[in-house]
Amino acid sequence: MTNQTKMKSNIILILLTGLFTVLYISLIFNQNIWTDEAFTIELTRKNSLFDIIHKTAVDVHPPLYYIIVKIFISLFGSSFQVYKIASILPMALTMALSVTHIRPWFGMKRAALFLVFLNAIPCVMEYSIQIRMYSWCIFFITLMGLSAYGALTWDTFVHWHTLTLSSICACYTHNFAMISAMIIYVLLGITLAVRKRAFPVRWFISGAVSGICFIPWLPTLLRQTGSRIGNYWIPPVTLDTIAGYFDDLFGSRLPYTAVMFAILFVIAIFFCKRSRREEYFAAMLILVPVFTALAGILISVMLTPFFIARYLIPCMGITALFLAVRLGGMLHSRAAIVLLGIFLTVMIGNSYYTNFLSEYRSTHTDEFLCYMDENRTPDDIILYNNQEYGFIYECYFGSDKLRFLDNMDFSSQFDRIWYLDSCVSPWLSDVTLEKHGLVKKYIATLGIEQNDFILYKICKRP
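Asker: Account for the environment of leucine 323, with residues named and values stated.
Answerer: Mapped onto the elements, leucine 323 comes out in helix H16 (residues 316–328). C-alpha of leucine 323 to C-alpha of phenylalanine 114: the two residues are 209 residues apart in sequence and 7.6 Å apart in space. In contact with leucine 323, other than residues within four places in its own chain, are Phe117, Leu264, Phe265, Ala268 and Gly328.

Given below as structure tokens:
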């Protein structure tokens with residue numbers, strides 16, 4: 001390939017990366033957050049880096065993602081859009097691997113296919129704009145998978161160094177990304193031992209360094225796991241649950257999309273033949289999500305339910321790479337290219353449309369916030385009776401003028417009360433209002449996140 005051809009290929013890949021990044025960015029101009037996103041916001045807005053690490057230790061995830069977000073909002077502000085851009089950045093970095101790694105190693109066709117497959121997998125776009133750690137996991141695990149191939153093929157210090165660093169980052173970002181990283185190490189070690197018929201020393205050193213770096217967090221991980229046994233929100237894992245994992249990741253609002261992806265996987269696994277090195281690499285790629293799922297199922301059965309389908313999202317980058325590497329070698333006919341192109345284009349369009357509806361049309365949040373901006377004064381109180389949503393409301397309004405119903409002093413000074421009645425207990429009785437000379441007026445049925453409530457305005461009786 002000439003330098004001019006390389007340059008043209010890189011420009012095409014950069015343009016595709018830019019296009020997909022713009023699609024992601026177009027989905028963040030709203031005020032919708034869900035419960036776990038509110039947890040991220042509350043944790044990072046209120047706490048120092050040290051406090052974030054301390055408070056993460058009593059949760060279920062490692063601290064690296066929250067540290068990244070804290071640094072990000074310290075530099076650029078703490079609007080919801082800044083938080084979401086912090087999640088889009090690693091997706092752009094993952095797509096940039098098509099230029100830095102995939103095209104030079106596997107060719108232009110596979111690099112372009114990687115970009116398209118990555119964004120066509122239905123679950124990827126959804127979780128890549130959320131204020132959570134999944135997009136960073138995708139980047140770290142994808143970089144680790146590619147670094148493993150570099151170490152396997154060229155055995156250079158750079159590839160071993162990148163493998164070690166990306167594995168450490170993955171382990172400190174999500175517990176199941178840690179499991180995926182361990183599986184990559186095991187598969188790489190077996191492959192090296194089979195090929196070289198000798199003990200892989202550099203592999204051992206890399207794994208040892210990664211393991212030593214995780215030791216400081218290991219007691220916390222064991223304590224987190226022990227405290228959740230029999231006391232976690234994930235339902236028991238059944239055969240129906242396991243059968244639904246694939247549909248959760250590759251299904252969509254369009255019919256039979258999971259079936260179509262299943263067919264592509266079957267073709268990629270059984271009908272594509274490449275060089276022995278690529279065979280090893282492709283097998284390693286697809287075995288990572290498979291063994292990660294098996295590990296999650298075993299943990300859930302033997303200890304307590306800990307695993308759900310979205311914990312495989314860190315593996316979606318290497319899953320897309322597997323499909324690109326395997327299928328890219330068999331796309332010789334124009335008909336096959338057209339059919340696959342149509343399917344993937346439809347999947348990308350459907351994924352974007354589904355997430356557009358979810359971000360901009362699925363809740364009353366923007367309508368509610370617009371109304372409050374137009375009618376609320378600085379001396380108004382926002383009152384709510386759904387205690388579980390208190391920290392979510394705090395992300396929008398702060399804590400100064402926010403009150404839970406049981407903690408409200410109706411004899412205090414205020415201009416008006418905006419009451420968010422979720423139709424749950426505790427209830428605001430008419431007796432309480434009459435006692436304090438207050439009247440309640442219905443405004444509308446609105447909501448935040450997926451929690452609809454009746455908005456009332458409470459004022460002093462004329």
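Structure's up, so let's keep going.
Asker: Provide a residue-level description of the layout of surface pockets, including the pertinent values.
Answerer: It is the rolling of a water-molecule-sized probe over the atoms that shows where space remains empty. Size it by volume and the largest pocket reaches roughly 460 Å³. If you go around the largest pocket, you meet 26 residues; those closest to its centre are Glu126, Gln130, Asn355, Ser358 and Glu359. At the level of elements, helix H7 (122–128), helix H13 (239–250) and helix H17 (334–360) are the ones that each hand at least two residues to the lining of the largest pocket. It is H17 that contributes the most residues to the lining of the largest pocket, 6 residues altogether. Split into classes, the residues belonging to the lining of the largest pocket amount to 7 nonpolar, 12 polar and 7 charged.

Asker: Explain the nonpolar core to me, and be specific about the residues and the numbers.
Answerer: The biggest cluster of nonpolar side chains holds 144 residues, and the ones touching the most others in it are Ile33, Phe117, Val124, Leu188 and Phe368. Element by element, the count of residues in this core is highest for helix H8 (residues 134–153), at 14 residues. In this view, valine 124 contacts Tyr24, Met91, Leu118, Ile138 and Met316; residues no more than four positions away in its chain are not counted. Core analysis: the second largest hydrophobic core is formed by 14 residues, Leu383, Met408, Ile454 and Ile458 among them.

Asker: Residues and numbers for a nonpolar patch on the surface, please.
Answerer: On the surface, a cluster of nonpolar side chains totalling about 490 Å² of accessible area is made up of Phe199, Val201, Phe204, Ile205 and Val209. Examined against the element boundaries, valine 201 turns out to sit in helix H11 (residues 201–214).

Asker: So, the sheet that holds strand E3 (residues 417–421): which residues are in play, and what are the values?
Answerer: If you trace the 5 strands from one edge of the open sheet to the other, you get E2-E1-E3-E5-E4, paired in mixed fashion. In this open sheet, the two strands that pair with only one neighbour each are strand E2 (402–404) and strand E4 (438–448). With strand direction ignored, the average angle separating the axes of adjacent strands in the sheet is 25°. Here E4 runs beside strand E5 (residues 451–460); their pairing, made up of 10 bridges, is antiparallel. Note on E5: the bridge partner recorded for isoleucine 448 is asparagine 451. Against the sheet, helix H18 (residues 365–375) makes contact with strand E1 (381–384), E3, E4 and E5, and its axis sits at roughly 140° relative to E4, the strand it touches most. In this fold helix H19 (residues 390–397) packs onto E1, E2, E3, E4 and E5, with an angle of close to 90° to the strand it touches most, E4.

Asker: Let's hear about the pairing of E3: which residues, and what values?
Answerer: Burial analysis of E3 places 5 of its 5 residues in the buried class, the great majority of the element. By the alternation rule, side chains of E3 split into Ile417, Tyr419 and Asp421 and Trp418 and Leu420, which are all buried. Sheet analysis places E1 next to E3, joined by 4 bridges and oriented parallel. Each bridged residue has a counterpart across the sheet, and for isoleucine 381 the counterpart in E3 is isoleucine 417. Of the pairings in the sheet, the one linking E3 to E5 comprises 5 bridges and is antiparallel in character. Bridging across to E5, leucine 420 finds its partner in leucine 455.

Asker: So, the pattern of salt bridges: which residues are in play, and what are the values?
Answerer: Under the counting rule described, the total for this entry stands at 7 salt bridges. A salt bridge links lysine 46 to glutamate 42; the nearest nitrogen and oxygen atoms lie 3.7 Å apart. Here lysine 46 pairs with glutamate 42, and both are found in helix H2 (residues 35–46), just 4 residues apart, close to one helical turn. Judged by relative accessible area, which is 52%, lysine 46 ranks as exposed. Looking at glutamate 42, the relative accessible area reads 26%, which means it is partly exposed. For the salt bridge of arginine 202 with aspartate 155, the shortest nitrogen-to-oxygen distance reads 3.8 Å. One end of the pair, arginine 202, is in helix H11; the other, aspartate 155, is in the loop between H8 and helix H9 (157–171), with 47 residues separating them in the sequence. Of the residues examined, arginine 202 reaches a relative accessible area of 43% and is grouped as partly exposed. One network of salt bridges, in which partners are shared, links Glu42, Lys46 and Glu394.

Asker: Any details on the packing of aromatic side chains? Residues and values, ideally.
Answerer: Applying the stated criterion across every chain, the model contains 38 aromatic pairs. With a centroid separation of 4.6 Å and an interplanar angle of 50°, the aromatic rings of tyrosine 149 and phenylalanine 281 are classed as tilted. On the criterion of sequence distance, the pair formed by tyrosine 149 in helix H8 and phenylalanine 281 in helix H15 (residues 276–302) is long-range, its members being 132 residues apart. A relative accessible area of 4% means that tyrosine 149 is categorised as buried. On the basis of relative accessibility, which here comes to 0%, the residue phenylalanine 281 falls in the buried class. Relative to tyrosine 393, the ring of tyrosine 384 lies with its centre 5.3 Å away and its plane at 70°, an arrangement referred to as edge-to-face. Each of the two residues, tyrosine 384 as well as tyrosine 393, counts as buried. Cluster of aromatic residues (ring-pair linked, three or more members): Phe80, Phe368, Tyr384, Tyr389, Tyr393, Tyr396, Phe397, Phe404 and Phe453. We note lysine 440 situated over the ring of tyrosine 456; from NZ or CZ to the ring centre the distance is 4.4 Å.

Asker: Give a detailed account of the packing of helix H1 (residues 3–25) against helix H5 (residues 80–106), specifying residues and quantitative values.
Answerer: Two measures define how a pair of helices packs: the angle their axes make with one another and the distance between the axes. Their axes nearest at 10 Å, the elements H1 and H5 cross at an angle of 165°. Accordingly, the angle class assigned to the pair H1 and H5 is roughly antiparallel. Like other packed secondary-structure pairs, H1 and H5 cross with a definite hand, here right-handed. Taking contact as the criterion, the partners of Lys6, Ser9, Asn10, Leu13, Ile14, Thr17, Phe20, Thr21, Tyr24 and Ile25 in H1 are, on H5, Ile88, Met91, Ala92, Met95, Ala96, Ser98, Val99 and Arg103. The residue inventory of the contact of H1 with H5, partitioned by class, reads 11 nonpolar, 5 polar and 2 charged.

Parameters and conventions
- Residues numbered from 1 in each chain as written.
- Predicted model: local features only at pLDDT ≥ 70, side-chain atom pairs only at ≥ 80, totals over all residues.
- Heavy atoms only, no water.
- Helix = DSSP H or I, 4+ residues; strand = E, 2+ residues; numbered from the N terminus.
- Contact = heavy atoms within 4.5 Å.
- 1 Å grid on protein atoms, 1.4 Å probe; cavity = no way out; pocket = protein on both sides within 12 Å on 5 of 7 lines; lining within 4 Å.
- Points joined across faces, edges and corners; volume = space filled by probe spheres on them.
- Nonpolar A, V, L, I, M, F, W, Y, C, P; charged D, E, K, R; others polar.
- Core = buried A, V, L, I, M, F, W, Y, C linked by side-chain atoms within 4.5 Å.
- Buried < 20%, exposed > 50% of the residue type's maximum accessible area, 1.4 Å probe, protein only.
- Patch = residues over 30% accessible without salt bridge, like charges linked within 9 Å, V, L, I, M, F, W, Y side chains within 5 Å.
- Areas by Shrake-Rupley, 256 points an atom, 1.4 Å probe, with all protein chains shown as cover.
- Salt bridge = Lys/Arg side-chain N within 4 Å of Asp/Glu carboxyl O.
- Pairing = 2+ DSSP bridges.
- Axes fitted to C-alpha atoms, helices over the stretch in contact; angles between N-to-C directions.
- Phe/Tyr/Trp six-rings, centres within 6.5 Å; stacked < 30°, edge-to-face > 60°.
- Lys NZ or Arg CZ within 6 Å of the ring centre and 35° of its normal.
- Parallel < 35°, antiparallel > 145°, perpendicular 65-115°, else oblique.
- Left-handed = near helix turned anticlockwise from the far one by under 90°.

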